[in-house]
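Summary of structural features
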Amino acid sequence: MSPLILVFVIVGGSRFAVAESWPQRAVRIVVPFPAGSAIDVAARIIGDGLARRWGQSVVIENKPGGETIIGTSAFVSARDQHALLYTTFGTVSVLPLTADNLPFNPQTDLVPLVPTVSVVVAVSVTSSLPVKTLSELEALIRSRPGEFAWASSPTLPRYVFTMFLKQRGLEMNYVGYRDASQPQADLGEGRIHAFVAAIPTSMPAVAAGKARFVATTEPQRTTILPEVASAAEAGYDELSFIGGAGMFVGNDMPASIRERVIADVNAVLSDAVITGKLKAAGQQVIGGGPDVLRRLVEQQAARVVEISRSIDLKSVR
């Protein structure tokens, strides 16, 4: 055996050993969203599955604020090879268009690994409104301009509904919240009249009979809410978008460990029990590798650019 081949075998074996020995301690999954949010729920479900595969604790660290900037910045700065970032596509697709002087570069500081789920977003209305469809909601808002209030999850849901109102010439009052639980209560009590957010966020009011879903923002009708039409199906293509999430790592994570994480996350996502829990939480499994995640992020970025032609994104943050 030549010296060159011998060196190759040793290096290759070393890379394999690094992946096999990882993780050597607890793994942190940084979530730049509050506890109880749709992204947090998915991170905990997936994290439990990973903990069983790895034989190590997986700790969810919620670092919300700043449209995911605070948590993502903390993750990038830590340069911890036992840490993963679990966030929405918007951290890469939206922030470069809406935030000035980011403390990190989403394109170079974050390495995409696995697209995990599509978070199904729905438009819900308080039960006091006599509407069951988007067209009925549009007609009511048009007949009483400025009388109704709405709220949403940050970034894409807010951008998309703002564009919908502008393009249709409708007037509603936006209500912002710091506490993610407050709009749920206000929707149920009729203090806000429409809410655009992930299904689990609106579900308490819907389950209590105090609100109802009128549409989802998925391109097609989803099996999670099979009785509810998609916005596109109802003739409102401008309200369609996919709100996805994925797993990212820092750019100094060794390739062998990245490959291990990709394989293990996909294994967890293929588990029927995990899939069932995610579906119950209003989320559809995607799965795949870095190329799939990059493509989905690029598609969302193109959608955000399209939206920016109709509204000033920075003015509605």
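Here the structure is shown first, and the text comes after it.
Predicted, not measured: the structure shown is a model, and the values here were computed from it. (Residues numbered from 1 in each chain as written. Predicted model: local features only at pLDDT ≥ 70, side-chain atom pairs only at ≥ 80, totals over all residues. Heavy atoms only, no water.)

What to know about the pattern of salt bridges
All chains considered together, the criterion is met by 17 salt bridges. Between Asp 252 and Arg 79 there is a salt bridge, and its shortest N-O distance comes to 3.5 Å. Placement of Asp 252 in the loop between strand E10 (243–250) and helix H11 (255–269) and of Arg 79 in the loop between helix H3 (69–78) and strand E3 (83–88) is noted, with a sequence separation of 173 residues between them. Asp 252 sits in the partly exposed class, given a relative accessible area of 27%. The salt bridge partner of Arg 142 is Glu 138, with a shortest N-O separation of 2.6 Å. Linking Arg 142 with Glu 138, this pair stays in helix H7 (residues 134–143), spanning 4 residues, or about one helical turn. Residue Glu 138 is classed as buried on the basis of its relative accessible area, which comes to 12%. (Salt bridge = Lys/Arg side-chain N within 4 Å of Asp/Glu carboxyl O. Helix = DSSP H or I, 4+ residues; strand = E, 2+ residues; numbered from the N terminus. Buried < 20%, exposed > 50% of the residue type's maximum accessible area, 1.4 Å probe, protein only.)

Section: the pairing of E3
The buried fraction of E3 amounts to 6 of the 6 residues, a majority that puts the element mostly inside the structure. Relative to E3, strand E1 (residues 27–31) is paired through 3 bridges, and the arrangement is parallel. Bridging across to E3, Arg 28 finds its partner in Ala 83. For E3 and E10, the ladder comprises 4 bridges, and the chain directions are antiparallel. Across the sheet, the residue bridging to Tyr 86 is Met 247, located in E10. (Pairing = 2+ DSSP bridges.)

Focus on helix H12 (residues 272–280)
Among the residues of H12, the N-terminal cap falls to Asp 271, whose side-chain oxygen and the backbone nitrogen of Val 273 are separated by 2.7 Å. Immediately beyond the C-terminal end of H12, within one or two residues, lies Gly 282, with a positive phi of roughly 80 degrees. (Polar contact = N/O pair within 3.5 Å; in protein donor to acceptor, adjacent residues only side chain to side chain.)

As for the nonpolar core
By size, the foremost hydrophobic cluster in this structure holds 35 residues, and its most contacted members are Ile 29, Leu 50, Leu 84 and Tyr 86. At the level of elements, E1, helix H2 (38–54), strand E2 (58–62), E3, strand E4 (110–119), E10, H11 and H12 are the ones that each hand at least two residues to this core. The element contributing the most residues to this core is H2, with 8 residues. Contact partners of Leu 84, with chain neighbours within four places excluded, come to Val 27, Arg 28, Ile 29, Val 30, Trp 54, Phe 75, Met 247, Phe 248, Val 249, Met 253 and Val 261. Among the nonpolar cores identified, the runner-up in size contains 34 residues, and Leu 134, Tyr 236, Leu 239 and Ile 307 belong to it. (Core = buried A, V, L, I, M, F, W, Y, C linked by side-chain atoms within 4.5 Å. Contact = heavy atoms within 4.5 Å.)

A few points about the packing of aromatic side chains
According to the stated counting rule, one finds 5 aromatic pairs in the structure shown. Between Trp 22 and Trp 54 the ring centres are 5.0 Å apart and the planes differ by 75 degrees, which places this aromatic pair in the edge-to-face class. Remark: Trp 54 occurs in helix H2 and Trp 22 occurs in the loop between helix H1 (3–21) and E1; sequence separation between them is 32 residues. Relative accessible area serves as the criterion here: at 4%, Trp 22 is assigned to the buried category. Arg 158 extends its terminal NZ or CZ atom over the ring of Tyr 174, reaching a point 3.7 Å from the ring centre. (Phe/Tyr/Trp six-rings, centres within 6.5 Å; stacked < 30°, edge-to-face > 60°. Lys NZ or Arg CZ within 6 Å of the ring centre and 35° of its normal.)

Notes on the packing of helix H8 (residues 156–168) against helix H13 (residues 290–308)
Packed helices, taken two at a time, are described by their axes: the angle between them and the distance between them. At a closest axis distance of 10 Å, the pairing of H8 and H13 adopts a crossing angle of 40 degrees. Of the possible angle classes, the one that applies to H8 and H13 is oblique. Between H8 and H13 lies a crossing whose hand is left-handed. Contacts from Leu 156, Tyr 159, Val 160 and Met 163 of H8 reach H13 at Gln 300, Arg 303, Val 304 and Ile 307. (Axes fitted to C-alpha atoms, helices over the stretch in contact; angles between N-to-C directions. Parallel < 35°, antiparallel > 145°, perpendicular 65-115°, else oblique. Left-handed = near helix turned anticlockwise from the far one by under 90°.)

Observations concerning the sheet that holds strand E11 (residues 283–285)
Pairing is mixed across the open sheet formed by 6 strands, whose spatial order is E2-E1-E3-E10-E4-E11. Every interior strand has two partners, whereas the edge strands, E2 and E11, have only one. Shown here is a sheet whose adjacent strand axes are inclined to one another by a mean of 30 degrees, direction ignored. In terms of strand pairing, E4 meets E10 through 8 bridges, oriented antiparallel. Its bridge partner being in E10, Val 119 is matched across the sheet by Gly 243. Against the sheet, H11 touches E3, E4, E10 and E11, its axis set at about 5 degrees to E4. In the packing of H13 onto the sheet, contacts are made with E4 and E10, and the angle to E4 comes to roughly 70 degrees.

Things to note about the sheet that holds strand E6 (residues 149–152)
Ordered in space as E7-E6-E8-E5-E9, the 5 strands form an open sheet in which the pairing is mixed. In the strand order of this sheet, the two ends are held by strand E7 (173–174) and strand E9 (211–216), each with one partner. Direction of pairing for strand E5 (residues 121–126) relative to strand E8 (residues 194–198): antiparallel, over a ladder of 5 bridges. For Ser 124, the partnering residue across the bridge sits in E8 and is Phe 195.

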